[in-house]
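What the coordinates show
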Amino acid sequence: MKKKTLGLVLAASSAIAMCFGGTTVFAEEGKDVSELVIGELHYSVVEDGGWAQAMHEGVLKACENLGIDTSTNLLTMEEISEEDPALIESAVEELVDNGADIIIGCSTGYASILSELQEEFPEVVFAQQNNDVYDNLVEFQIRGYEGMFQAGYLCALMNEGSNELGFEASMDEGSVRTAINAFALGAKYANPDATVQVVWADSWYDLDIESNNAKTLIDSGVKYMGMEASSPAVPQTCEENGAFCVGYNINMQESAPKAVMTSFVWNWAPIFEDIFQKTADGSIDISANYYEGGECSQLAEFNADLVPEDVQAKVVEVKDKIASGEINIYGGEIKDDKGNVLVAEGETMSDEDILAQDFFVENVKGGK
Amino acid sequence: MNLLISLFSGAIVYAVSVMYAGIGETFSERAGVMNLGVEGIMLMGAVSGYITAVNTHNLLLSFLVVLLTGAVFGLVFAFLTVTLQADQTVCGMAMLIFGTGLSGFLGKDVAGVAANLKFENISIPLLGKLPFLGPIFFQQNLLVYAMYFIVPASLFYIYKTKQGLYLRALGENPAALDSAGMNVFAMRYAYVTFGCAMMAVSGACVSLANTNFWSSGMTAGKGWIAFALVAFSSWNPFKLMMGALLFGFISCLGSNLQIYLPSVPTEIYSALPYIATIVAFILTTGNFRKSHTAQPAALCKPYDRESR
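A few points about the overall build of chain A
In terms of regular secondary structure, chain A is built from twelve helices and 15 strands. Computed over the C-alpha atoms, the radius of gyration of chain A is 22 Å, within 12% of the 21 Å expected from 2.2 N^0.38 for a compact globule of 368 residues. Overall, chain A is about 75 × 45 × 40 Å in size when its C-alpha atoms are taken along their principal axes. When contacts within chain A are restricted to residue pairs at least 6 apart in sequence, those whose partners lie at least 24 apart make up 65%.

Written out as structure tokens, the structure reads:
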């Protein structure tokens, strides 16, 4: 409520400034970035311990770096269901009424509605987490496979004397397949014989099934696993049963300090910083598309009690090689789990195919 | 062998986390008050216990807070449905939405904060060392062990004691109890409050035993499963246990079969618990058995002395 009131005050003050011929107003004409008012739409609360939290932290960090006061200029809308167009529309209207210069759709499901609303509110910039689909939305995505490759590489290095790794996956969907495949490719880079057994929860969030799946993997002899799930259920099950994992979405080390070696984390801040800055300058191209790797697709700090320093150094080396292009993750030859060649020797998979993965790579077991 | 142990012990862990709520609901419905707010009260139990655990690092205190939270919700619900005689379905939905929302709000500060305090698995001396049975039954947490006593105790209470007879009468014909000089309102208050406290313990199973964290909406539908199990079990705690074990077993089966029978699509495994529940439901309560329904006759009917 406080934020909304402040937003109103802001909107009112800019209106007054307009009347007196002030120099502010209109993102298109350029304004100081610290005056930017940002609205964000989340499908859950921002402390969800997963996706929304990572996204929100990215916004906060970008604001901090640009000197945007989040207590007044950041309007956060939580629990805006992606399946409820009326709710999304009213949330957006409220954000616009409160002076938002830019509205961020923090989950893919908002894309089509935000694209329609952009026409209604052309003075507002709409940024949307999505592949490059719409011409009137700034769309952004992270090359999650870079971090997951490092996660798989780390697990395979740690898994001395065995080739079997595990993976707890949520739903069968492109982004989840990306995580699994990258993990498997990374594992293979460390150990050509490494295989990754996937167990599916078939749910985005089900603690019992996630725990059970982890337990099943451990019972079948797996000691190191990756995950694409939003809760610490898998890490805690690993901890109870003497196994190890790489957390997902946010740093999960605190939830299971004896099992989490590191976590794959989304670092959205650099993308947001660029979008915010350009929105403030008025130089933003609303059809822009961001597909970023490098520092955006990271592993959190290592758990020094679990990962020896030489292994840490090797993972960092791989990270640098990805950044320099020496390691081409989707460079050929890559085969799928049925033995078909996906990428021929010497070729590289296109970004479209990487984004829309409908395959599992060769060393994945239990793919769909 | 390992596979079976993992399956059965997983089924027990799952079953217990819905059985507290299920038994609570059984008592409440036996007393004639249907509580649809199970999920909301579970979440309140989960969050209140977890907040206390983070702040005090005292498990016993956390557990007492869980019971107290459930009881407070129970008193409010009883006030609405017994004293004010409001519609139980509507009030139940209100408890559900209120509990879900309030738990999310209260939990903001502990979301992502590690308590590192939970009901740990304790191996019972001697029994825990038994081959096969030991790891399944006797290497569990305290909440599971407590349930070993709660099921027979509640069966005994409902079917073998005088108080249990009153309880059954309370849900069938409260007017008769009233004529016999019993205080229908006080009894309903007591059972509704007890029921809600048990539901809150189910929440504690989720945030302080099976896993150890808080996340908004973390019970993910367990309250509804508990609610359905009550009707499925014909308001009988033993059948409730069997139903919960069946559901838990088949849920666990899915993750094992994925590895050992990979040719079947995993969605089939995910659907299995629900298919099994529907089949069992039809077999146990279907009309074709021509048996008398076990539903308490006065369920959902507020008791009004003036209109008896």
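Having put the structure on the table, let's press on.
Brief notes about the overall build of chain B
Along its length, chain B carries twelve helices and two strands. The order of helices and strands in chain B, counted from the N terminus, is α-α-α-α-β-α-β-α-α-α-α-α-α-α. On C-alpha atoms alone, chain B measures out to a radius of gyration of 20 Å, which is about the 19 Å that the 2.2 N^0.38 rule sets for 308 residues. In terms of overall dimensions, chain B has a C-alpha envelope of 60 × 50 × 40 Å along the principal axes. Residues classed as buried in chain B amount to 50% of the 308 residues present. Expressed as a percentage of contacts within chain B between residues at least 6 apart in sequence, the contacts between residues at least 24 apart total 78%.

Focus: helix α11 (residues 309-324) of chain A
All names here are of chain A. Compared with an ideal rise of 1.5 Å per residue, which puts 16 residues at 22 Å, α11 spans 22 Å between its outermost C-alpha atoms and is within 8% of the ideal. Every buried residue of α11 is listed here: V315, V318, K319 and I322. Seen along its axis, α11 keeps its buried residues to an arc of 100 degrees; they face one direction. Facing away from the buried side of α11 by more than 90 degrees, the exposed set consists of E309, D310, A313, D320 and S324.

Points about the interface of chain A and chain B
Of the residues lining the interface, 29 residues belong to chain A; the matching set on chain B comes to 29 residues. Elements with a minimum of two residues in the side of chain A that touches chain B: β7 (195-200), α8 (207-219) and α9 (233-240) of chain A. Broken down by element, the side of chain A that touches chain B gets its largest block of residues, nine residues, from α8(A).

Topic: the pairing of strand β2 (residues 74-77) of chain A
Residues and elements named next belong to chain A. Every second residue of β2 is oriented toward a common face, with L74 and T76 on one face and L75 and M77 on the other, all of them buried. Bridging between strand β1 (residues 38-41) and β2 involves four bridges; their strand directions are parallel. Bridging across to β2, E40 finds its partner in T76.

Concerning the sheet that holds strand β4 (residues 125-129) of chain A
Within a sheet, each strand pairs with its neighbour through backbone hydrogen bonds, oriented either parallel or antiparallel. Residues and elements named next belong to chain A. A sheet is described by the order of its strands in space; here six strands give the open sequence β2-β1-β3-β4-β5-β11, paired in parallel fashion. Sheet topology places β2 and β11 (289-292) at the edges, where each strand pairs with a single neighbour. Recorded for the sheet is a direction-independent mean angle of 15 degrees between the axes of neighbouring strands. As paired strands, β1 and strand β3 (residues 102-105) are joined by four bridges and run parallel to one another. If you follow E40 over to β3, its bridge partner there is I104. Where helix α5 (residues 111-120) meets the sheet, it contacts β3 and β4, and its direction lies at approximately 170 degrees from that of β4.

Examining the domain arrangement of chain A
Often, the extent of an interface is quoted as the loss of accessible area upon association of its parts. Residues and elements named next belong to chain A. Domain boundaries assigned for chain A yield domain 1 (6-142 + 268-296) and domain 2 (144-265 + 330-365). A separation of 32 Å is found between the C-alpha centroids of domain 1 and domain 2. The interface is formed by ten residues belonging to domain 1 together with nine residues belonging to domain 2. Among the elements that line the side of domain 1 that touches domain 2, the one with the most residues is helix α2 (residues 51-66), at three residues. Here the side of domain 1 that touches domain 2 is built from residues that sort into four nonpolar, five polar and one charged.

A short note on unusual backbone geometry
Cis peptide bonds are those with omega within 30 degrees of zero, and the linkage from G332(A) to E333(A) qualifies with 5 degrees. You can see E333(A) is positioned in the loop between α11 and β13 (334-335). In this model, N249(A) sits at a positive phi of 75 degrees, which is unusual for a non-glycine residue. Assignment of secondary structure puts N249(A) in strand β9 (residues 244-249). Even without glycine at this site, A220(B) takes up a positive phi of about 45 degrees. You can call A220(B) buried: it has 20 C-beta atoms within 10 Å.

With respect to the sheet that holds β9(A)
Residues and elements named next belong to chain A. Pairing is mixed in the open sheet, where seven strands are placed in the order β12-β10-β9-β8-β6-β7-β15. With one partner strand each, in any of the chains shown, β12 (297-299) and β15 (364-365) form the two edges of the open sheet. With four bridges joining them, strand β6 (residues 164-169) and strand β8 (residues 224-228) adopt parallel strand pairing. Within the sheet, the bridge partner assigned to E168 lies in β8 and is M227.

Quick look at the environment of D132(A)
All names here are of chain A. As for its position among the elements, D132 is in the loop between β4 and β5 (138-142). Taking the C-alpha atoms as reference, D132 lies 5.9 Å from N289; in sequence the two are 157 residues apart. Among residues more than four places away in sequence, those in contact with D132 are E139 and N289.

Here we look at the pairing of β9(A)
Residue and element names in this part refer to chain A. Counted residue by residue, β9 has six buried out of six residues, so it is predominantly covered. Inspection of the sheet shows β8 paired to β9 by two bridges, in the parallel sense. Directly across from M225, in β9, lies its bridge partner C245. Crossover handedness for the path β8 to α9 to β9: right-handed. With five bridges joining them, β9 and strand β10 (residues 260-266) adopt parallel strand pairing. Counted as the bridge partner of N249 is V265 from β10.

Quick word on the packing of helix α1 (residues 2-30) of chain B against helix α6 (residues 142-160) of chain B
The packing of two helices is summarised by the inter-axis angle and the distance between the axes. Residue and element names in this part refer to chain B. Running from amino to carboxyl end, α1 crosses α6 at an angle of 30 degrees, the nearest separation of the two axes being 10 Å. For the element pair α1 / α6, the angle class is roughly parallel. Here α1 runs over α6; the crossing is left-handed. Of the residues in α6, those touching α1 at I12, V13, V16, M19, I23 and R30 are L143, V144, M147, I150, S154 and I158. Broken down by class, the residue content of the contact of α1 with α6 amounts to ten nonpolar, one polar and one charged.

Re helix α10 (residues 222-232) of chain B
An α-helical turn contains 3.6 residues, so a residue and the one three or four places further along point in the same direction. Within α10(B), eight of the eleven residues are buried, leaving the element largely enclosed by the surrounding structure. Positive phi appears at S234(B), one or two residues downstream of α10(B), with a value of about 55 degrees.

As for the confidence of the model for chain A
In the predicted model, chain A carries a mean pLDDT of 90, and 92% of its residues have values of at least 70. Within the model, the stretch residues 1-27 of chain A combines pLDDT values under 50 with 27 contacts to residues more than four positions away or in other chains.

Observations concerning the packing of α8(A) against helix α11 (residues 237-260) of chain B
Where α8(A) meets α11(B), the axes come as close as 9 Å, and the angle between the chain directions of the two elements is 40 degrees. Taken together, α8(A) and α11(B) sit at an angle that is classed as oblique. As α8(A) packs across α11(B), the resulting crossing turns out to be right-handed. Of the residues in α11(B), those in contact with D208(A), I209(A), N212(A), N213(A) and T216(A) of α8(A) are S251(B), C252(B), S255(B), N256(B) and I259(B). Its residues assigned to classes, the contact of α8(A) with α11(B) shows three nonpolar, six polar and one charged.

Rules behind the numbers
Residues numbered from 1 in each chain as written. Chains lettered and ligands numbered in written order. Predicted model: local features only at pLDDT ≥ 70, side-chain atom pairs only at ≥ 80, totals over all residues. Helix = DSSP H or I, 4+ residues; strand = E, 2+ residues; numbered from the N terminus. Rg over C-alpha atoms; globule rule 2.2 N^0.38 Å. Contact = placed C-beta atoms within 7 Å. Buried ≥ 20, exposed ≤ 12 C-beta atoms within 10 Å, placed from the backbone. Expected span 1.5 Å × (residues − 1). Arc of directions from axis to C-beta. Pairing = 2+ DSSP bridges. Axes fitted to C-alpha atoms, helices over the stretch in contact; angles between N-to-C directions. Domains from an automatic or database assignment. Nonpolar A, V, L, I, M, F, W, Y, C, P; charged D, E, K, R; others polar. Right-handed = clockwise from strand over helix to strand, strands pointing away. Parallel < 35°, antiparallel > 145°, perpendicular 65-115°, else oblique. Left-handed = near helix turned anticlockwise from the far one by under 90°. pLDDT = per-residue confidence, 0-100.

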